[in-house]
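Letter by letter, the chains look like this.
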Amino acid sequence: MQKAKFISLGISGLGLFLILGLLLHALSQQREDQTARSSINLARPVPDNINPGGAFTLTDMNARQVTQADYAGRFLLIYFGFTYCPDVCPTGLDRMGAALDTLAARDAVMAARIQPLFITIDPARDTPDTMADYVKYFHPRLIGLSGTSAQIDAVKRAYRVYAAKIKNPDNPDNYTMDHSSFFYLMDGQNRFVKHFDHLIDPTRMADILARLVR
Ligand code: NI
């Protein structure tokens, strides 16, 4: 009697296990679909296998034209945003600054191999002077890059950056920008290494950078 009960429990347990397994499989399938879609929807995280990046021509804070070649040999930590950003950009840049300071406290030579760049997605308002005033709040070595709208469009395309103007019906000059928010770590030849979410813990970011920047 007890043995029969045990067997029937065993069978229903197996059934439950199979159902759970099917559910989990369906869920993971859905997640894979979402990951596949994320390469199309630019607001979603950039999968590391997409290899964003490429050549760029921009204007630095001294109104000097620069390209990726100006930073050759250094790792680049690139963030795209705009100086009027109320929340996302300051949060991200704060964390990046803290991560670089943490890394510098451990290994100043290694930290110095990383050049942080802030590239505007709002060239109409972010002039070289505006960028210079802004970046000093986040890290002493942070360089702000602006450019013509064609140059900014090209670099956004290359790095798979999503950005869209959100108009303010009451004041056309007071628009804001919706944008993707990632750090891109590029190696000394401007090849993509890794991306970080802007909400990453600075200590964790420093740990990962210490592993990747050699
Ligand atoms: Ni922002």
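Residues numbered from 1 in each chain as written. Predicted model: local features only at pLDDT ≥ 70, side-chain atom pairs only at ≥ 80, totals over all residues. Heavy atoms only, no water.

A. Up close: the coordination of the nickel ion. Within the first shell, the nickel ion binds the protein through Cys85 (SG), Cys89 (SG) and His179 (NE2), at distances of 2.0 to 2.2 Å. Spacing between the donor residues of the nickel ion along the chain follows C-x3-C-x89-H. Separated by 94 residues along the polypeptide, Cys85 in the loop between strand 3 (75–81) and helix 2 (88–106) and His179 in strand 7 (residues 176–179) bring together distant segments of the chain. For Cys85, a relative accessible area of 8% puts it in the buried group. (Donors = N, O, S within 2.8 Å, 3.2 Å for Na, K, Ca; no water. Helix = DSSP H or I, 4+ residues; strand = E, 2+ residues; numbered from the N terminus. Buried < 20%, exposed > 50% of the residue type's maximum accessible area, 1.4 Å probe, protein only.)

B. Summary view of helix 4 (residues 128–135). Every buried residue belonging to helix 4 is among Met131, Tyr134 and Val135, and all of these are buried. Buried residues of helix 4 fall within an arc of 85 degrees about the axis and therefore sit on the same side. Check the buried side of helix 4 and you find it contacts helix 2, strand 4 (114–120) and strand 5 (143–145). (Arc of directions from axis to C-beta. Contact = heavy atoms within 4.5 Å.)

C. Representation of the sheet that holds strand 5 in the model. Read across the sheet, 5 strands follow the order 5-4-3-8-9 without closing on themselves; strand pairing throughout is mixed. Edge positions in the sheet fall to strand 5 and strand 9 (192–197), since each of these pairs with one other strand and no more. Averaged over all pairs of adjacent strands, the angle between strand axes in this sheet comes to 25 degrees, irrespective of strand direction. Looking at chain direction, strand 3 and strand 4 are connected through 7 bridges and run parallel. By the bridge assignment for strand 4, Gly81 is matched with Thr120. Where helix 2 meets the sheet, its contacts fall on strand 3, strand 4 and strand 8 (182–186), and the angle it forms with strand 3 comes to roughly 165 degrees. (Pairing = 2+ DSSP bridges. Axes fitted to C-alpha atoms, helices over the stretch in contact; angles between N-to-C directions.)

D. Spatial organisation of the side chain of Thr120. Tracing the backbone shows Thr120 in strand 4. Polar side-chain contacts of Thr120 include one of 2.9 Å to the backbone nitrogen of Asp122. If sequence neighbours within four positions are ignored, Thr120 has contacts with Gly81, Phe82, Asp126, Met131, Leu145, Ser146 and Ile152. (Polar contact = N/O pair within 3.5 Å; in protein donor to acceptor, adjacent residues only side chain to side chain.)

E. The packing of helix 2 against helix 6 (residues 202–212), seen in detail. Running from N to C, helix 2 and helix 6 cross one another at 55 degrees; their axes reach a closest spacing of 8 Å. In this view, helix 2 runs oblique relative to helix 6, as classed from their interaxial angle. As helix 2 packs across helix 6, the resulting crossing turns out to be right-handed. Contacts between helix 2 and helix 6 pair Arg95, Met96, Ala98, Ala99, Leu100, Thr102, Leu103 and Arg106 from the former with Pro202, Thr203, Met205, Ala206, Asp207, Leu209 and Ala210 from the latter. (Parallel < 35°, antiparallel > 145°, perpendicular 65-115°, else oblique. Left-handed = near helix turned anticlockwise from the far one by under 90°.)

F. A look at the packing of aromatic side chains. Here the structure, examined in full by the defined rule, presents 7 aromatic pairs. Ring centres of Tyr79 and Phe183 lie 4.8 Å apart, and the angle between their planes is 35 degrees; on these two criteria the pair is classed as tilted. With Tyr79 in strand 3 and Phe183 in strand 8, the pair connects residues that are 104 residues apart, well separated along the chain. What makes Tyr79 buried here is its relative accessible area of 0%. For Phe183, a relative accessible area of 0% corresponds to the buried category. The ring of Tyr175 carries the charged tip of Lys165 above its face, separated from the ring centre by 4.1 Å. (Phe/Tyr/Trp six-rings, centres within 6.5 Å; stacked < 30°, edge-to-face > 60°. Lys NZ or Arg CZ within 6 Å of the ring centre and 35° of its normal.)

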